[in-house]
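Chain by chain, the residues:
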Amino acid sequence: MSLASNTSNQTRGLSPEMFLSEELAAVELDQIFYREWSCIGREDDIPNVGDFVTFKVGDQPIIVVRLEDKSIRAMSNVCRHRMMRLVQGNGNTRQFSCPYHGWTYSLDGNLVGAPHMGCNLNFSKEKFMLPTLKCETWHGWIYVSLSNDAAPIVERLKKLDTMVQPYEMEHYVTVFVEDLEWNTNWKLLCQNFMEGYHLPIAHRSTVGRNFPVGETKFDSDGASEGFTYQYFLKPNDMNFGVAHPMNTRLTDNLRRSSVMPTIFPSHMYVLAPDHLWYLSLQPNGVGKVRIRYGAALAPEVMEHTEDKSNLLSQFKELLDKTQEEDRLLVENIFENIRGPMAMAGPLSWLEREVHEFTQYLARKIA
Ligand code: FES
Ligand SMILES: [Fe+2]
């Protein structure tokens, strides 16, 4: 199974079997998702002590919670008794109580209650703390990793730092977060979100006009170990996707530029001067992908918009429609690649991120 072929200076996309192989899906979990960083959302999803969100890294359910000292902890969402999931969704709590037999854990994962276990010789609650994961924050994002060997996220994204820093996205205000599941392979959705080539065609009735692909800029140095990205410069007459008049952070062309990073393996976002739109993906077998889908608005947009509910509903409607356009594409491709005549074609220069994603996969699963 070859990841990508490069003939006559033509880089090709991933071959069909790369999206269909059960064997490869198991390797991806082991070599990628259980070793790399996964984004579970933004810090402002859990601003208060006891706020928590749940997530699954591969097949591992986790809880991410704000502790008393305001730090963030990530830990297993599986009870140490007989492995029931502790909590679902998100919310605020003082402790996590298992719905099966009532074992109870403090916010930081210590077992503090275990009904009727006192008769067990040598039973000691201290031995049954919830296992923790590495958890780091970066410009408002929360990343977790099951691997103690994962390089610090700040190192991994060092080069991206200078590109996103002027936007100060950590101050953007989250306006919605949803969990979706689509019937496709996670890599098809990754590839779809990271490239701009399809925007003027597939999204011509939604966001296509906001992304004039001729203005796409790539880093001449090529991809970094941990991410790829591109810039878009918007037309002068745009009123969406550009800096609000009260935005004093961005100057010159940055006032109408978006950055689209893909943090390998599966955290992708559009960072615009006025909004942020993200996906964080996890595979669920070969043919399903779990999607954490969210968006945020720049603080001055929130502050200086009189009719916020109208703004939010229009914003969400636009992103939802765009998402639906993408869902139809990537679910359709997943059906087509099973046919015996399916084969990968050459990539455009505008799909450079797809090529870089392929190279990343090759490094990880070689
Ligand atoms: S599985 Fe959680 S208390 Fe029994
Ligand atoms: Fe798209």
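Asks: Summarise the coordination of the iron ion (ligand 2); cite the residues concerned and give the values.
Replies: For a metal bound by four donors in tetrahedral geometry, the ideal donor-metal-donor angle is 109.5 degrees, whereas six donors in octahedral geometry ideally sit at 90 or 180 degrees. Donor atoms from the polypeptide that bind the iron ion (ligand 2) are His198 (NE2), His203 (NE2), Asp326 (OD) and Asp326 (OD), placed at 2.1 to 2.5 Å. Around the iron ion (ligand 2), the 4 donor atoms sit at angles spanning 56 to 155 degrees, and that spread fits a shape best called irregular. Sequence positions of the residues that donate to the iron ion (ligand 2) give the spacing H-x4-H-x122-D. Taken together, the positions of His203 in the loop between helix H6 (199-202) and strand S14 (227-233) and Asp326 in helix H8 (residues 308-336) put the pair 123 residues apart, joining distant regions of the chain. No difference in accessibility class separates His203 from Asp326, as the two residues are buried.

Asks: Now, about helix H9 (residues 352-365): what can you tell me, with residues and values included?
Replies: The terminal C-alpha atoms of H9 lie 20 Å apart, and with 14 residues this matches the ideal 20 Å at 1.5 Å per residue to within 8%. Turning to H9, its buried residues number three or more, namely Glu353, Val354, Glu356, Phe357, Thr358, Tyr360, Leu361 and Ile365. The secondary structure elements touched by the buried residues of H9 are helix H2 (22-33), helix H3 (153-156), helix H5 (186-194) and S14.

Asks: Could you give an account of the side chain of Thr104, naming the residues involved and the relevant values?
Replies: For Thr104, the position within the fold is in strand S9 (residues 104-106). Separated by 3.0 Å, the side chain of Thr104 and the backbone oxygen of Gly102 make a polar contact.

Asks: Tell me what's going on with the sheet that holds strand S10 (residues 111-113), and back it up with residues and numbers.
Replies: Across the sheet, which stays open at both edges, the 3 strands sit in the order S8-S9-S10 with antiparallel pairing between neighbours. Each end of this open sheet is capped by a strand with a single partner; those strands are strand S8 (95-97) and S10. Strand after strand, the sheet turns through a mean of 35 degrees between neighbouring axes, direction not considered.

Asks: Please provide a residue-by-residue account of H5, values included.
Replies: Burial analysis of H5 places 9 of its 9 residues in the buried class, which makes it a mostly covered element. Buried residues of H5: Trp186, Lys187, Leu188, Leu189, Cys190, Gln191, Asn192, Phe193 and Met194, and no others. The opening residue of H5 is Asn185, an N-cap whose side-chain oxygen sits 2.9 Å from the backbone nitrogen of Lys187.

Asks: I'd like a description of the sheet that holds strand S7 (residues 90-92), backed by residues and values.
Replies: One open sheet accounts for 7 strands, arranged S3-S12-S11-S6-S5-S4-S7; its pairing is antiparallel. Both edges of this open sheet fall to strand S3 (38-42) and S7, since each of them pairs with a single strand only. The average angle at which neighbouring strand axes cross in this sheet is 30 degrees, direction not considered. When strand S5 (residues 60-66) meets strand S6 (residues 72-76), the two strands line up antiparallel, connected through 5 bridges. From the neighbouring strand, Val64 faces S6, where its bridge partner is Ala74.

Rules and cut-offs
Residues numbered from 1 in each chain as written. Chains lettered and ligands numbered in written order. Predicted model: local features only at pLDDT ≥ 70, side-chain atom pairs only at ≥ 80, totals over all residues. Heavy atoms only, no water. Donors = N, O, S within 2.8 Å, 3.2 Å for Na, K, Ca; no water. Tetrahedral: all angles 85-135°; square planar, octahedral: opposite > 155°, others 65-115°. Helix = DSSP H or I, 4+ residues; strand = E, 2+ residues; numbered from the N terminus. Buried < 20%, exposed > 50% of the residue type's maximum accessible area, 1.4 Å probe, protein only. Expected span 1.5 Å × (residues − 1). Contact = heavy atoms within 4.5 Å. Polar contact = N/O pair within 3.5 Å; in protein donor to acceptor, adjacent residues only side chain to side chain. Pairing = 2+ DSSP bridges. Axes fitted to C-alpha atoms, helices over the stretch in contact; angles between N-to-C directions.

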